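Chain and residue survey
The residues making up each chain are set out below.
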Amino acid sequence: MTVEYVDAGEAIDQGDLSGKHGTAPPVVENVTYERILDARSEPQNWLTYYGAYNGQRFSPLDQINTENVKGIGPAWIFQSGTSGMIAGASTYAFEASPLVVDGVMFVSGWDGWVWALDAKTGTEIWRYKHATPFDISLCCGNVNRGVAVAKGKVFSVTPNAHVIALDATTGKKIWDKTYGDVRAGESATVAPLIVKNMVVVGSSGGEFGVRGHLDAFDLDSGEHVWRCYMVPKPGEPGSETWPADGQAWARGGANCWLTGTFDPETNLLYIGTGNPAPDFDGEVREGDNLYTDSIVAVDADSGQIRWHYQCTPHDVWDYDSIAECILFESGGRKLLGHFDKNGYFFVVDRTNGELVQITPFVDRIDWGNITRDGKVTPARYPDKEGEPVHFYPGPAGAKEWTHAAYSPETELFYVPIQDVGATATRRRREFKESIPYWGAGVQVDIEDMTGYVSAFDANGEEKWRWRNNLPMCASVLATAGGLVFAGTPSGEFNALDARTGELLWQFQCGSGHHSSPTTYSVDGRQYVVVPVGWGGWAEGFLPGMLGAGHGSALIAFALPEESPTR
Amino acid sequence: MTTSSAQDRAELLHKLGLDAQNKGPIGRVITTGNIEQAKEREDGTMQIRLRIHPDEIAWDPAVIVMPHGGDLEIEIFNDDLNTHCALFPSNGDRKFIWLVNHSRGRARLNLDGPGYYWFSSPTGNDEGRGLTGAIVVLGDVPPEARLDRPEQPRP
């Protein structure tokens, strides 16, 4: 006798079984370019990756301040965890910078996750999950650094190099464009930047011998507006810095894997570019290798390069210059401050790229030196095949991608610093598309390392230093409450006095920090929120903590609701 | 002991008990089962049938191959005498279905690829016992997403 099958129906969204689903209020509907231009006039919100186009990561909120910060504690915790097998299961990290718009938080996770949360309670409102191939090329872990919001949409990139636009109220996809080639080793990790009616994104994949690029898409339709390659083709300006023969340029790197800053007066995007490829074998790519390891000013309308300043010509240490370009004014000049992986703090005139000053910001630099007028002299580098060479800083740099902050109130830069070296042994290999293309064996030190948060003025003078026994590998946040927040690899989240560096408060979050905390307020209560989840390229920036526990929590801190000090 | 051909591999899997429950290891080593290509309809949608046979605690096929990115419709049969479920990758959210003994269900997935994805039965340790399978998406990214450079050598 044939027994009829039980009808199991149709598979449903896993999120429908989370007990938490709904629709967000239309708070993003009226987030326009004009509002983002003036983002810091809305201190209750964090509208764009750095909090403002200037990249300062400074908030005017001061409810939590030097006097009362010792009283803050967790207001809520959001956790996702993982299920099933994901790409880079051993290397995922929670690296995002949460955005907040009128009480709704938008944050991305690893492996294609985007969430909308109630910023007051941490309750999930909706989720989006992009299916991520298990076998994509990820040099540095399954990570994503954040989303952008505008005109009713949330924008994110995916590990397999798509840029997607989601309905900010429901999380449903509106458009989806592929802008990288996963078969070539490209991926995407960057937080998009809204500029005018465009969403600007860069590519990852610099360890696979790709050709880095920056792309702009129309916010409404997803139509491609422009692409700016960061390695010129033969005959284009800058091509003379690559070998005339062969295809070194085609595999040259210079990926834009970190969000740029923008000045509406110059109409320029300020982008840091990544390392040349192969990372450590310079002999196959003689020349300065423009526009790798550079601060590049790109016209926002045309996508054309207007000027550049190369921080490490002919890099053979993996010293990406992707770090943020912080815009500030001093002495009547429009300037740009940049703390490079090579250990030097560069200040340039952001109207034309003219060098203003250079100062070392980490104690140990022996790869070479850069004089005050910008002359670069290499000293220690992997030159001979098979011969190990030790150098400081290691390939993760004296400061990796994790961001510095600048307070216009103290006129100080606050910098998370990694003082750790590495040994590289040149090992030449053929280029093959999608296969790692380093040109060396590399081992980062697991002993004799340290870290600190330092405060520098615009002249490069160090004003204070807060020391840690481990390198500092998370972005810092400065507030008008006179505070600098800085997470450690061992899990502590710290509040420092912005004027003295004194440690005022500390909370153990249970996993190491490798993300960008932000701050906002809802109904008059200020929160400081930090994604916590150790991982990423730990073998590069802190292999001594490779065995530390992973996590995936988003923790919001606030003063007690009835605090008399509020 | 190594294998030198597909036939050798199948024989060795069987000889060592890697392709069945509680013979070699406790469970069945994942993706040691069948491989099948999804069929493509005229509208471009791809489709395939997926089964769990009695006491095998494994997907048949264990590896589903889509000729390109797009929509995949799966008809799922649980012929086992136990209850399982399925969690599939799909753009937007993962798709979940509960599969009681002797049940039949459906799933509609969207995968862009290229690359491969895992699916499984996330209950108890079905995943470790053998109910973990792969969906492979063939093809290339759209031409406009490819780098402007000469063709490069691949492995």
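The rules behind the values
Residues numbered from 1 in each chain as written. Chains lettered and ligands numbered in written order. Predicted model: local features only at pLDDT ≥ 70, side-chain atom pairs only at ≥ 80, totals over all residues. Heavy atoms only, no water. Helix = DSSP H or I, 4+ residues; strand = E, 2+ residues; numbered from the N terminus. Rg over C-alpha atoms; globule rule 2.2 N^0.38 Å. Buried < 20%, exposed > 50% of the residue type's maximum accessible area, 1.4 Å probe, protein only. Contact = heavy atoms within 4.5 Å. Areas by Shrake-Rupley, 256 points an atom, 1.4 Å probe, with all protein chains shown as cover. Lys, Arg positive; Asp, Glu negative; His and termini not counted. Charge placed at Lys NZ, Arg CZ, Asp CG, Glu CD. Pairing = 2+ DSSP bridges. Axes fitted to C-alpha atoms, helices over the stretch in contact; angles between N-to-C directions. Buried area = accessible area lost by both parts, 1.4 Å probe. Salt bridge = Lys/Arg side-chain N within 4 Å of Asp/Glu carboxyl O. Nonpolar A, V, L, I, M, F, W, Y, C, P; charged D, E, K, R; others polar. Patch = residues over 30% accessible without salt bridge, like charges linked within 9 Å, V, L, I, M, F, W, Y side chains within 5 Å. Phe/Tyr/Trp six-rings, centres within 6.5 Å; stacked < 30°, edge-to-face > 60°. Lys NZ or Arg CZ within 6 Å of the ring centre and 35° of its normal. Core = buried A, V, L, I, M, F, W, Y, C linked by side-chain atoms within 4.5 Å. Polar contact = N/O pair within 3.5 Å; in protein donor to acceptor, adjacent residues only side chain to side chain. Disulfide = S-S within 2.5 Å.

Next up on the list: the overall build of chain A. Helix and strand counts for chain A stand at 2 helices and 40 strands. Compactness check: chain A gives a C-alpha radius of gyration of 22 Å against a globular reference of 24 Å for 566 residues, within 12% of the reference. With respect to the principal axes defined by its C-alpha atoms, chain A has extents near 75 × 65 × 45 Å. Counting the 566 residues in chain A, one finds 66% classified as buried. In chain A, of all internal contacts separated by at least 6 residues, the share reaching a separation of at least 24 is 61%. When the accessible surface of chain A is split by element, carbon and sulfur atoms take 47% of a total near 18000 Å².

Scanning chain B from terminus to terminus reveals 2 helices and 11 strands. In chain B, the order of α-helices and β-strands from amino to carboxyl end is α-β-β-β-β-β-β-β-β-β-β-α-β. Principal axes of the C-alpha set define a box for chain B whose edges measure 50 × 40 × 25 Å. Across the 155 residues that make up chain B, the buried fraction comes to 48%. Across chain B, the fraction of contacts at a sequence separation of at least 24, relative to all contacts at a separation of at least 6, is 58%. Taken as two groups, the 17 positive and 23 negative side-chain charges of chain B have centres that lie 3 Å from each other.

Our next topic: the sheet that holds strand β33 (residues 462-468) of chain A. Residue and element names in this part refer to chain A. If you walk across this open sheet you meet the 4 strands as β28-β29-β32-β33, and the pairing is antiparallel. Looking at which strands have only one partner, the edges of the open sheet turn out to be β28 (405-407) and β33. The mean inter-strand angle of the sheet, taken between neighbouring strand axes irrespective of direction, is 20°. Sheet analysis places strand β29 (residues 412-419) next to strand β32 (residues 450-456), joined by 7 bridges and oriented antiparallel. Note that in β32 the partner of Gln 418 across the bridge is Gly 451.

Before going further, it helps to examine unusual backbone geometry. Geometrically, the link from Tyr 392 of chain A to Pro 393 of chain A is a cis peptide bond, its omega value of -15° lying close to zero. With respect to the element layout, Pro 393 of chain A can be found in the loop between β27 (388-391) and β28. The step from Gly 113 of chain B to Pro 114 of chain B runs through a cis peptide bond, and the omega angle for that step is -5°. Turning to its location among the elements, Pro 114 of chain B is positioned in the loop between β9 (103-111) and β10 (115-120). If you check the backbone angles, Asn 22 of chain B has positive phi at about 55° while not being a glycine. Mapped onto the elements of the fold, Asn 22 of chain B is located in the loop between α1 (6-16) and β1 (35-37).

Bringing the interface of chain A and chain B into the picture now. Taken together, the 55 residues of chain A in the interface contact 52 residues of chain B. Summed over both sides, the interface between chain A and chain B buries roughly 4400 Å², with carbon and sulfur atoms accounting for 51% of that surface. Taken as a group, Tyr 5, Arg 183 and Glu 433 of chain A account for 16% of the area that chain A buries against chain B, more than any other trio of residues on that side. The interface formed by chain A and chain B contains 8 salt bridges. Across the salt bridge formed by Asp 140 of chain B and Arg 183 of chain A, the nearest N and O atoms sit 3.3 Å from each other. Of all the secondary structure elements, the ones that give two or more residues to the side of chain A that touches chain B are β1 (6-10), β2 (12-13), β8 (124-129), β12 (173-178) and β16 (224-229) of chain A. At 5 residues, the largest contribution of residues to the side of chain A that touches chain B is made by β1 of chain A. The residue inventory of the side of chain A that touches chain B, partitioned by class, reads 22 nonpolar, 15 polar and 18 charged.

Our focus in this paragraph is a nonpolar patch on the surface. The grouping of Val 6 of chain A together with Trp 98 and Val 100 of chain B at the surface amounts to a nonpolar patch, some 250 Å² of accessible area in total. Here Val 100 of chain B lies in the loop between β8 (95-99) and β9.

Residues and elements named next belong to chain A. Per the stated rule, a full pass over the model turns up 47 aromatic pairs over all chains. Measuring from centroid to centroid gives 5.2 Å for Tyr 53 and Phe 262, while their planes differ by 75°, and the two rings are edge-to-face. Highlighted residues: Tyr 53 in the loop between α1 (33-37) and β3 (58-59) and Phe 262 in strand β17 (residues 261-263), separated in sequence by 209 residues. Assessed through its relative accessible area of 5%, Tyr 53 is described here as buried. Every member of this aromatic cluster is reached through a ring pair, and the members are Phe 328, Phe 339, Phe 345, Phe 361, Tyr 406, Phe 413 and Phe 456. One Lys or Arg, Lys 129, reaches over the ring of Trp 113 and ends 5.7 Å from the middle of that ring.

Bringing the environment of Gly 55 of chain A into the picture now. Residues and elements named next belong to chain A. For Gly 55, the position within the fold is in the loop between α1 and β3. Owing to a relative accessible area of 0%, Gly 55 belongs among the buried residues under this scheme. When the C-alpha positions of Gly 55 and Asp 299 are compared, they lie 18 Å apart, and in sequence the two are 244 residues distant. In this structure Gly 55 touches Tyr 50, Thr 261 and Ile 326, once residues within four positions along its chain are discounted.

Phe 106, Trp 126, Leu 269 and Phe 485 of chain A are the most contacted members of the largest nonpolar core, which totals 82 residues. Listed in part, the 26 residues of the second largest apolar core include Leu 50, Trp 59, Ile 97 and Leu 99 of chain B.

Further remarks concern the pattern of salt bridges. A side chain of one charge can pair with a side chain of the opposite charge when the charged atoms of the two come close. Counted according to the given criterion, the structure contains 49 salt bridges over all chains. Here Arg 106 of chain B ties to Asp 7 of chain A by a salt bridge, and the two come within 3.9 Å at their closest N and O atoms. Placement of the pair is Arg 106 of chain B in strand β9 and Asp 7 of chain A in strand β1, with the two residues belonging to separate chains. For Arg 106 of chain B, a relative accessible area of 39% corresponds to the partly exposed category.

Residue and element names in this part refer to chain A. The topology assignment puts Arg 40 in the loop between α1 and β3. One buried charged side chain, Arg 40, makes no salt bridge at all; its nearest oppositely charged neighbour is Glu 42, positioned 8.0 Å away. Within the local environment of Arg 40, its side chain forms a polar contact with the backbone oxygen of Asn 45, the two atoms lying 2.6 Å apart. Separated by 3.5 Å, the side chain of Arg 40 and the backbone oxygen of Gly 51 make a polar contact. Once residues within four sequence positions are removed from consideration, Arg 40 is found in contact with Asn 45, Trp 46, Gly 51, Ala 52, Phe 58, Ser 59 and Pro 60.

With that settled, the discussion passes to the state of the cysteines. All names here are of chain A. Throughout the structure, instances matching the rule amount to 1 disulfide over all chains. For Cys 473, which is in no disulfide, the shortest distance to another cysteine sulfur is to Cys 140 and amounts to 13 Å. Given the relative accessible area of 0%, Cys 473 is considered buried.

Moving on, we come to the sheet that holds strand β14 (residues 198-202) of chain A. All names here are of chain A. Here we have 4 strands laid out as an open sheet, ordered β13-β14-β15-β16, and antiparallel in their pairing. Because the sheet does not close on itself, it has two edges, and the strands there are β13 (193-195) and β16. For this sheet the average axis-to-axis angle between neighbouring strands, irrespective of direction, equals 25°.

This next bit is on the side chain of Asp 293 of chain A. All names here are of chain A. Within the element layout of this structure, Asp 293 appears in the loop between β18 (268-272) and β19 (294-299). For the buried Asp 293, no salt bridge is present, and the opposite-charge side chain at shortest range is Lys 341, 7.5 Å distant. When residues no more than four places from it in sequence are discounted, the contact partners of Asp 293 are Thr 273, Gly 274, Asn 275, Pro 276, Tyr 309, Gln 310, Cys 311, Thr 312, Asp 315, Tyr 319, Asp 320 and Ser 321.

A word on the pairing of β18 of chain A. Residue and element names in this part refer to chain A. The buried count for β18 comes to 5 of 5 residues, which makes it a mostly enclosed element. Side chains of β18 alternate between two faces, with Leu 268, Tyr 270 and Gly 272 and Leu 269 and Ile 271 buried alike. Bridge analysis of β17 against β18 gives 3 bridges, and the strand direction is antiparallel. The partner of Phe 262 across the bridge, within β18, is Leu 269. Counting the residues that bridge the hairpin from β17 to β18 gives 4 residues, and of these Asn 267 lies at a positive phi of roughly 60°.

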